[in-house]
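These are the residues of each chain, in order.
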Amino acid sequence: MKQTIYLSLLENKKVQQKSFAVLVDPDKVNAQKIDGLTQLAVNAKVDYLLVGGSLVISNHLDEVVQRIKKNCTIPVILFPGTPSQVSKYADALLYLSLISGRNPELLIGQHVISAPFVKKSGLEIMSTGYMVIDGGAPTTVSYISNATPIPSDKNEIALCTAMAAEMLGMKLIYMDAGSGAKRAINEEMINAVAKQIEIPILVGGGIKDPEKAYRNCKAGADLIVVGNAIEKDESLIKEMSDAVHSVPIIH
Ligand code: 1GP
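As a starting point, this report considers the structure included with it. Remember, it's a predicted structure, so these values are computed and weren't measured experimentally. (Residues numbered from 1 in each chain as written. Predicted model: local features only at pLDDT ≥ 70, side-chain atom pairs only at ≥ 80, totals over all residues. Heavy atoms only, no water.)

Topic: the overall build of the chain
Spelled out, the test is: Numbering goes from the N terminus for both helices and strands, where a helix is a DSSP run of H or I of at least four residues and a strand is a run of E of at least two. Atoms counted for the radius of gyration: C-alpha only. Globule rule: 2.2 Å times the number of residues to the power 0.38. Summary of the burial criterion: residues with accessible area below 20% of their type's maximum are buried, those above 50% are exposed, and those between are partly exposed, where the area comes from a 1.4 Å probe applied to protein chains only.
For the chain, the count of helices and strands is 10 helices and 8 strands. A compact globule built from 251 residues would reach a C-alpha radius of gyration of about 18 Å, and the chain, at 16 Å, matches this within 12%. Dimensions along the principal axes, computed over C-alpha positions, put the chain at roughly 45 × 40 × 35 Å. Put simply, the chain has 251 residues, and 51% of those count as buried.

Put into structure tokens, the structure is as follows:
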């Protein structure tokens, strides 16, 4: 199985080189929007484009991914809210297990159903422990998953959950306050998790400014994911990307 993107995330982590990803929700883009966004992403040296959403209502995932790939060489990683959100045109897929919840369907059930076609897709599959942290308001992911998020001040729950995921063999941890969260995940929680695990950590949900992106990286995030803030103000792509890439690497 392919491992190109995962190996580069591991290499980056070794020298604490941080990465920046823009989340593209297929429901919110058309061809023109994709063209503009990819151009901005290339100019801003965005590392990855994540494509997906908790609810993808539109039926044009393949077209969205193909359009992105036509425009640029930035790797496209699927961030599926449902098992149907798989496109062979992407580069990789976050194979998410909702480890902060206790809904068996999202821990393993949907994986069993989707395993044959996920495997057949030929995508790079990255097993991801997905932890939803309370962001101050119910988000689509918490509603759809019918799972209680980890309280934002319970660092030890987040930490133990991430440790368990790592020992279970998961390759990535995604700490998410949910799309459009009122409150992004606090740096203390990110740091508590980062100090105890070795696998790369993605952090997203409610990140609105470059300073927060930078502080999250300093706290231990390896890859910052931003969606909503950029949908509202595309000029933030460059500022956010610059902030993430300004974190000093280890020589
Ligand atoms: C959501 O982490 C992502 O799952 C991005 O969140 O849209 O709030 O940036 P935002």
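Quick look at a nonpolar patch on the surface
Heads up, the condition is: Surface patches are drawn from residues lacking salt bridges whose relative accessible area is over 30%; two like charges belong together within 9 Å, two nonpolar side chains (Val, Leu, Ile, Met, Phe, Trp, Tyr) within 5 Å. Only the protein chains shown count as cover for residues, with accessible areas throughout obtained via the Shrake-Rupley method and a probe of 1.4 Å. Salt-bridge detection follows one rule: a side-chain nitrogen of Lys or Arg within 4 Å of a carboxyl oxygen of Asp or Glu.
A cluster of nonpolar side chains, namely L107, I108 and V112, defines an oily patch on the protein surface of about 260 Å² accessible area. By the element assignment, I108 lies in helix α4 (residues 104-120).

Focus on unusual backbone geometry
Phi is positive for Q16, close to 55°, though the residue is something other than glycine. Residue classification places Q16 among the partly exposed positions, given a relative accessible area of 38%. The backbone of K45 sits at a positive phi, close to 60°, despite the residue not being glycine. Within the element layout of this structure, K45 appears in the loop between α2 (31-43) and β2 (48-51).

A short note on the side chain of S100
Which entries qualify depends on this criterion: The definition of a polar contact used here is a pair of N or O atoms within 3.5 Å, where within protein one atom must be able to donate a hydrogen and the other to accept one, and adjacent residues in sequence count solely through side-chain atom pairs. Any pair of residues with heavy atoms lying within 4.5 Å of one another is described as a contacting pair.
On the secondary structure map, S100 appears in the loop between β4 (92-98) and α4. From its side chain, S100 meets the backbone nitrogen of V132 in a polar contact 2.9 Å long. Beyond its immediate chain neighbours, meaning those up to four positions away, S100 contacts Y130, M131, V132, T148, I150 and T161.

Some thoughts on the environment of A162
Structurally, A162 can be placed in helix α6 (residues 155-167). Look at A162 and you get buried, because its relative accessible area is 0%. Taking C-alpha positions, A162 is 18 Å from S142, a pair spaced 20 residues apart along the chain.

Considering the site of the ligand
We apply this condition: For this description, a residue counts as near a given molecule or strand if any of its non-hydrogen atoms is within 4 Å of it. Each residue is assigned to one of three groups, with Ala, Val, Leu, Ile, Met, Phe, Trp, Tyr, Cys and Pro labelled nonpolar, Asp, Glu, Lys and Arg labelled charged, and all others, Gly among them, labelled polar.
In the vicinity of the ligand, 13 residues are found, and the nearest of them are D176, G180, G206, G227 and N228. Contact distances for the ligand include 3.3 Å between an oxygen atom and a side-chain N or O atom of S179. Contact distances for the ligand include 2.7 Å between an oxygen atom and a side-chain N or O atom of N228. Contact with the protein chains covers 96% of the free accessible surface of the ligand, which is 310 Å². In terms of residue class, the shell around the ligand is made up of 4 nonpolar, 8 polar and 1 charged.

Looking at the pattern of salt bridges
Should the charged atoms of two oppositely charged side chains come close, the side chains can pair. Under the defined criterion, the tally for this structure stands at 11 salt bridges. When the shortest N-O distance is used, the salt bridge between R67 and D35 registers 2.6 Å. In this pair, R67 sits in helix α3 (residues 61-71) while D35 sits in helix α2, placing the two residues 32 residues apart along the sequence. Between D134 and R183 there is a salt bridge whose closest N-O contact spans 3.8 Å. Taken as a pair, D134 in the loop between β5 (124-132) and α5 (140-145) and R183 in the loop between β6 (172-176) and α7 (187-196) lie far apart in primary sequence, 49 residues in all. A cluster of three or more residues bridged by salt bridges with shared partners is formed by K13, K18 and D222.

Any functional reading would require information beyond the geometric quantities listed.
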